Amino acid sequence: MKISTKGRYGLTIMMELASNYGEGPISLKSIAEKHQLSEHYLEQLVAPLRNSGLVKSIRGAYGGYQCSKPPEEITAGDVIRVLEGPISPVDFTEEDDPAKRDLWIKIRDSIAKVLDSTTLANLIHYQDEGEEHENNMFYI
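In short, a report on the structure. Please read all numbers here as calculations on a predicted model, not as lab measurements.

## Considerations on the environment of glutamate 72
Position of glutamate 72 relative to the elements: it lies in the loop between β2 (64-67) and α4 (76-84). Residue glutamate 72 is classed as exposed on the basis of its relative accessible area, which comes to 51%. The spacing of glutamate 72 and alanine 121 is 49 residues in sequence and 5.1 Å in space, taken between C-alpha atoms. Aside from chain neighbours lying at most four places away, what touches glutamate 72 is Thr119 and Ala121.

Encoded structure:
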């Protein structure tokens, strides 16, 4: 399964909104500038996120968007499903071979488990576990 730019940029939007949760709305323009993305494209992505109830829009001069729920209550799976549709590597309903059908179902379920257990809070507070080792210098 390949996540398109819709899913990746949608997750970027949601992570920005999550990192600002409780501090008021953020404009798509500021997100677009920070990540060097097209504001017009982000506008297309935020509409389904708003329609699904993940995002609230605030009108006015100081308006923008904000998460409709705390970052701990929104998962990566919520965002990806809204923007990409159902999570499935193949249409396994058409698979005649039971062994392959079972494989596709296991892959789908594994992907869903990771996405559904990863919240926006996890993503915005992520720290690379290998990060501390990158700057070590070894002399021989």
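Following the structure, the description resumes.
## Details of the pairing of β2
Taking every second residue as pointing to the same face, both faces of β2 are buried, with Gly64 and Gln66 on one and Tyr65 and Cys67 on the other. Sheet topology note: the strand β1 (residues 55-58)/β2 ladder contains 4 bridges and is antiparallel. The partner of valine 55 across the bridge, within β2, is cysteine 67. Where β1 folds back onto β2 in an antiparallel hairpin, the turn is made up of 5 residues, including glycine 60, whose phi is positive at roughly 110°.

## Observations concerning the side chain of threonine 75
When you line up the elements, threonine 75 lands in the loop between β2 and α4. For threonine 75, a relative accessible area of 12% corresponds to the buried category.

## A word on the packing of helix α1 (residues 5-19) against helix α2 (residues 28-35)
Helix-helix packing: each pair is described by the crossing angle between the helix axes and the interaxial distance. The N-to-C vectors of α1 and α2 enclose an angle of 115°; their axes lie 11 Å apart at closest approach. Here α1 is positioned roughly perpendicular relative to α2, judged by the angle of their axes. Read as a crossing pair, α1 and α2 show a hand that is right-handed. Facing Thr12, Ile13, Glu16 and Leu17 of α1, the residues of α2 in contact are Leu28, Ile31, Lys34 and His35. Here the residues of the contact of α1 with α2 are counted per class, giving 4 nonpolar, 2 polar and 2 charged.

## Describing α4
Since there are 3.6 residues in each turn of an α-helix, residues three or four apart along the chain are aligned in direction. Within the sequence span of α4, burial applies to Ala76, Gly77, Val79, Ile80 and Leu83. Looking straight down α4, one finds that the buried residues subtend no more than 160° of arc, so they occupy a single side. Lining the buried residues of α4 we find α1, α3 (39-51) and α5 (98-116). Residue glycine 85 follows α4 closely and has a positive phi angle near 90°.

## Some points on the nonpolar core
If you look at the biggest cluster of nonpolar residues, it comprises 26 residues, and the most contacted ones within it are Met14, Leu17, Leu42, Val55 and Val79. Only α1, α2, α3, β2 and α4 provide two or more residues apiece to this core. No other element matches the 5 residues that α1 contributes to this core. Not counting residues up to four positions away in its chain, the partners in contact with leucine 42 are Tyr9, Ile13, Leu28, Ile31, Ala32 and Leu37.

Thresholds applied
- Per-chain numbering applies: the sequence of each chain, read as written, is numbered from 1 onward.
- Selection of residues for local features in this predicted model requires a pLDDT of at least 70, selection of side-chain atom pairs for listing and counting requires 80 or more, and totals for whole chains, interfaces and linings are taken over all residues.
- Side-chain metrics rest on all non-hydrogen atoms present in the structure, leaving aside hydrogens and water.
- For helices the rule is a DSSP run of H or I covering at least 4 residues; for strands it is a run of E covering at least 2, with both sets numbered from the N terminus onward.
- Relative accessibility thresholds used throughout: buried, under 20% of the residue-type maximum; exposed, over 50%; partly exposed, between the two (1.4 Å probe, protein chains only).
- Working rule for contacts: check all heavy atoms of both residues, and any pair within 4.5 Å makes them a contact.
- Two strands are said to pair when DSSP picks up at least two bridges between them.
- Geometry is summarised by axes, namely lines fitted to C-alpha atoms with helices restricted to the contacting stretch, and by angles between N-to-C directions that run from 0 to 180 degrees.
- Just so you know how the angles are binned, under 35 degrees is roughly parallel, over 145 roughly antiparallel, 65 to 115 roughly perpendicular, and the rest oblique.
- By convention the crossing between two helices is left-handed if the near helix lies anticlockwise of the far one by an angle smaller than a right angle, and right-handed if it lies clockwise.
- As a working rule, the residues Ala, Val, Leu, Ile, Met, Phe, Trp, Tyr, Cys and Pro are called nonpolar, Asp, Glu, Lys and Arg charged, and the rest polar, with Gly in that last group.
- Our arc is simply the arc of the directions from the helix axis toward the C-beta atoms.
- By nonpolar core is meant a set of buried Ala, Val, Leu, Ile, Met, Phe, Trp, Tyr and Cys residues that side-chain atoms within 4.5 Å join together.

Purely geometric numbers; function is a separate question.
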